[in-house]
Amino acid sequence: MAYRALGFIVLFSFALRMLLRSDYLDDWDSVQFVLALGNYSIVYHQPHPPGYPVYIFLGRALNMLLANGQLSLTVMSAIFGSLCLIPTYLLSRELFEERTAAVAAIILSLAPAALIFSEVVMSDIVSMFFVAATAYLLFLGISSRKHYYLAAFTLGITIGVRQTDFMLIPLFLLVAVYRRDLRDLVSSSAIMLASVLLWLVPVILDTGIKEFAEAQRLQGQIALQNGTLYGAGWLNPENIMHFLQALFSLFVEGWSIQFIAFLGLTLVAALMRIKAGKTDPMDKRMIFLMTWLVPYLLVFTLAYQLYIPRYLLPVFPPLAIIFASSMVSILKQTRKGWQRGLVILIFVALISAMGGQALHQAYDLHNSIPAPVQAAQFIQKNYDPERTLIIAGDSFRHFQYYLPGYTVKLNWFTAADDWYLTPERLYGYLMENRTIISEGEPISFADSANPVQFAREGRIYPKHELVALYEYNNTPDLSIFKGEGWHGQENWAGVPTRWMTEEATLLLPSDANRSVDLEFIALAFGQNRTLEVWSQDGLAPRDVGESLAEIRVPLRLRSGCNIIRLRVPEGCERPCDQQESVSEDCRCLSLAVQNLRAV
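Residues numbered from 1 in each chain as written. Predicted model: local features only at pLDDT ≥ 70, side-chain atom pairs only at ≥ 80, totals over all residues. Heavy atoms only, no water.

Enquirer: Could you give an account of the overall build of the protein chain, naming the residues involved and the relevant values?
Expert: Each helix and strand counted, the protein chain has 21 helices and 15 strands in total. Rg of the C-alpha trace for the protein chain: 28 Å, near the compact-globule value of 25 Å for 599 residues, within the 12% margin. Buried positions account for 53% of the 599 residues belonging to the protein chain. In the protein chain, the share of contacts with a sequence separation of at least 24, taken over all contacts with a separation of at least 6, comes to 73%. For the protein chain, the accessible surface area stands at approximately 26300 Å², while carbon and sulfur atoms represent 60% of it. In the protein chain, the 46 positive side-chain charges and the 52 negative ones have mean positions that sit 12 Å from each other. (Helix = DSSP H or I, 4+ residues; strand = E, 2+ residues; numbered from the N terminus. Rg over C-alpha atoms; globule rule 2.2 N^0.38 Å. Buried < 20%, exposed > 50% of the residue type's maximum accessible area, 1.4 Å probe, protein only. Contact = heavy atoms within 4.5 Å. Areas by Shrake-Rupley, 256 points an atom, 1.4 Å probe, with all protein chains shown as cover. Lys, Arg positive; Asp, Glu negative; His and termini not counted. Charge placed at Lys NZ, Arg CZ, Asp CG, Glu CD.)

Quick look at the structure:
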């Protein structure tokens, strides 16, 4: 009977996920995963490092049957999002009892983030299955050598799905402590290493060892710069509280507001057990679950960029087990019939409310088009691919995939250099007199046009919710375009303003040889700085103070597109690094520039 109930929950979950799956690629990473099915290349971010080789291998296997990359990976998300309920159920039953197992499976099935990321092309939900399966085998491995060895093997495979799941290693070591057998630890570690090499060696051979190492280095650098520790500059109680608040908000987003009620029920259950004298601080069950939870939570808090709930999915199964066990514990200790009925009603209402929000969000996802796809459809309908250049930011991968035949360049750093829009490349495109579509923000310092915008609510999918397109056609003489080294455009009292890094470039097309003055208003960040302007005439330094002031630099232009190079020898600084700063701004700033023009 118990397995019939589990089978029904899993099949119902799978049917629901298949019915509501997305028909589009909703994320930058989603496009990279689909492209990797045909051409796996870490160097070209198909997918991005560290590479997700096991995930791509599974996707290719399914794609042999379905022959549609987007469909294959979406179906795979639905499959593993449903299958994850099985190890969660089995582990719950081993730790507690049948009722707890059933409730945990239902809770996990209806958690909003677990449902949403079972509808889209992403590796996180597949990772959640392998994490839960490995944890279940590890628990069995406490008393079974066979299961411990099998868990070691699946741990290596799990790391191949998402390399961040090395955070299960403390759980692996905890089981070794319980087993107290050094030979088992050595043998199981060898098995885990062998299973890692199963996917790591082919990836290195396919990529090349130097290219593989460089790709990992670059990705690590990006991850570090976007991580919370780097962003904070240092750890202090105030920053730690900020990280914890951000993490808590992300859990509420991933579970719905009912997450707070679930935490409250867990606290109530703990207090009731303490009152009844049934709490054992050395309870292996809670130590096991905490050793699963804590490493992930530490890394989430200190290293991840906390902006999307899919990062939290590896700890959804243990949380579902804890919440379910708390509910069953409260129910057991409620004696009167009417009280038990009321408690059950409250539990059903909480789970139903959470599931209702998840279903509503999944339904909206299924029936809406991602903003980058809307923008791609608009471009395809209105612009000639032979005469159009697209300069893309966050929608770059979507435009690559949904706009074949168009020239699409990326307006910020990537490991694949031929994607990057350098000033020299923009120079060439300007000289070809193409229509230029800039996505995300204007590329001209004198841009006053309203963009064409496309949107999907962030609550439906918390990324890529807004796309803005700026058009440049028949570029007027002496328009100034930004090159490298500029942060995004801001509005200061309605005036477009940009911050420079330490070095930057400007592109200034001219239809003839002439002399002009480069005029702008600037201020320095934190201290007086020197601006060096390099052009055909050589160096022209200007002092810039900490208040807005007019700057004028004479230039001689040649016919064509002139590249003006700017440099601040004192360098740039991050606001978040300032002493006693509470700023979350970790951009490196030197000068703010506005009202830039050539006269």
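There is more to say, and it comes next.
Enquirer: So what about the side chain of Ser329? Which residues, and what values?
Expert: Looking at where Ser329 falls in the secondary structure, it is placed in helix α17 (residues 316–332). Of note is the side chain of Ser329, whose polar atom sits 3.2 Å from the side chain of Arg273. Ser329 has contacts with Ala269 and Arg273, leaving out every residue within four places of it along the chain. (Polar contact = N/O pair within 3.5 Å; in protein donor to acceptor, adjacent residues only side chain to side chain.)

Enquirer: So what about the environment of Ile56? Which residues, and what values?
Expert: Position of Ile56 relative to the elements: it lies in helix α3 (residues 53–66). Considered as a pair, Ile56 and Phe33 are 23 residues apart in the sequence and their alpha carbons are 7.1 Å apart. Excluding residues within four positions of it along the chain, Ile56 makes contact with Phe33, Ala36, Leu37, Tyr40, Pro47 and Gly51.

Enquirer: Provide a residue-level description of the packing of helix α8 (residues 124–141) against helix α10 (residues 169–179), including the pertinent values.
Expert: Interhelical geometry of α8 versus α10 gives an angle of 10 degrees and a closest axis separation of 9 Å. Considering their axes alone, α8 and α10 lie roughly parallel with respect to each other. For the pair α8 and α10, the contacting residues are Ala135, Leu138 and Gly141 in the first and Leu171, Phe172, Val175 and Arg179 in the second. Taken together, the residues of the contact of α8 with α10 sort by class into 5 nonpolar, 1 polar and 1 charged. (Axes fitted to C-alpha atoms, helices over the stretch in contact; angles between N-to-C directions. Parallel < 35°, antiparallel > 145°, perpendicular 65-115°, else oblique. Nonpolar A, V, L, I, M, F, W, Y, C, P; charged D, E, K, R; others polar.)

Enquirer: Which residues make up the sheet that holds strand β8 (residues 495–499), and what values do they have?
Expert: What the 5 strands build is an open sheet, ordered β7-β8-β15-β10-β13; its pairing is antiparallel. Each edge of the sheet is formed by a strand with only one pairing partner; in this case those strands are β7 (490–492) and β13 (549–557). Between one strand and the next, the sheet's axes are offset by a mean angle of 40 degrees, whatever the strand orientation. By the bridge criterion, 3 bridges tie β8 to strand β15 (residues 591–598) in an arrangement that is antiparallel. Note on β15: the bridge partner recorded for Thr497 is Gln594. (Pairing = 2+ DSSP bridges.)

Enquirer: Help me get a handle on the packing of helix α6 (residues 98–110) against α17, residues and values and all.
Expert: Where α6 contacts α17, the axes come no closer than 8 Å and their chain directions differ by 130 degrees. For the element pair α6 / α17, the angle class is oblique. For the element pair α6 and α17, the recorded crossing hand is right-handed. Two secondary-structure elements touch here, α6 through Arg99, Thr100, Val103, Ala104, Ile107 and Leu108 and α17 through Phe316, Pro317, Ala320, Ile321, Phe323, Ala324, Ser325, Met327, Val328, Leu331 and Lys332. Split by residue class, the contact of α6 with α17 holds 13 nonpolar, 2 polar and 2 charged. (Left-handed = near helix turned anticlockwise from the far one by under 90°.)

Enquirer: Help me get a handle on the state of the cysteines, residues and values and all.
Expert: Per the stated rule, a full pass over the model turns up 1 disulfide. The side chain of Cys572 participates in a disulfide bridge whose partner is Cys588; the two sulfur atoms lie 2.1 Å from each other. The S-S bond linking Cys572 to Cys588 shows a torsion near 95 degrees; that makes this disulfide right-handed. On the criterion of sequence distance, the pair formed by Cys572 in the loop between β14 (560–567) and β15 and Cys588 in the loop between β14 and β15 is long-range, its members being 16 residues apart. In this structure Cys572 comes out as partly exposed when scored by relative accessible area, which is 22%. By relative accessible area, Cys588 is classed as partly exposed at 25%. (Disulfide = S-S within 2.5 Å.)

Enquirer: Which residues make up the sheet that holds strand β2 (residues 407–410), and what values go with them?
Expert: Across the sheet, which stays open at both edges, the 5 strands sit in the order β2-β1-β3-β5-β4 with mixed pairing between neighbours. The sheet is open, and its two borders are formed by β2 and β4 (452–455), each paired with just one other strand. When the angles between neighbouring strand axes are averaged without regard to direction, this sheet yields 20 degrees. The pairing of strand β1 (residues 388–392) with strand β3 (residues 435–439) spans 4 bridges and is parallel. Within β3, the residue paired with Ile391 across the bridge is Ser438.

Enquirer: Tell me about the nonpolar core, residues and numbers included.
Expert: Among the nonpolar cores identified, the biggest contains 120 residues, and Tyr55, Trp255, Trp292 and Phe316 are the most heavily contacted of them. Ranked by residues supplied to this core, first place goes to α8 with 14 residues. In this view, Trp255 contacts Ile107, Ala111, Pro112, Phe262, Phe316, Leu319, Ala320, Phe323 and Met354; residues no more than four positions away in its chain are not counted. Within the second largest apolar cluster, 27 residues are counted, among which are Phe445, Met500, Leu566 and Ala598. (Core = buried A, V, L, I, M, F, W, Y, C linked by side-chain atoms within 4.5 Å.)

Enquirer: Give me the lowdown on the pairing of β1, citing residues and values where you can.
Expert: In terms of residue burial, β1 counts as a mostly covered element, since 5 of its 5 residues are buried. With 4 bridges joining them, β1 and β2 adopt parallel strand pairing. When the bridges of β2 are listed, Ile391 appears paired with Lys409.

Enquirer: Could you give me a rundown of the packing of aromatic side chains, with the residues and numbers involved?
Expert: Scanning the model with the defined rule gives 25 aromatic pairs in all. On the numbers, 5.2 Å between centres and 80 degrees between planes, the contact of Phe139 with Phe288 is edge-to-face. With a gap of 149 residues between them, Phe139 in helix α8 and Phe288 in helix α16 (residues 284–302) connect regions that are remote in the sequence. For Phe139, a relative accessible area of 15% puts it in the buried group. Each ring, one from Trp499 and one from Phe525, has its centre 5.9 Å from the other, and the planes form 85 degrees; the classification is edge-to-face. (Phe/Tyr/Trp six-rings, centres within 6.5 Å; stacked < 30°, edge-to-face > 60°.)

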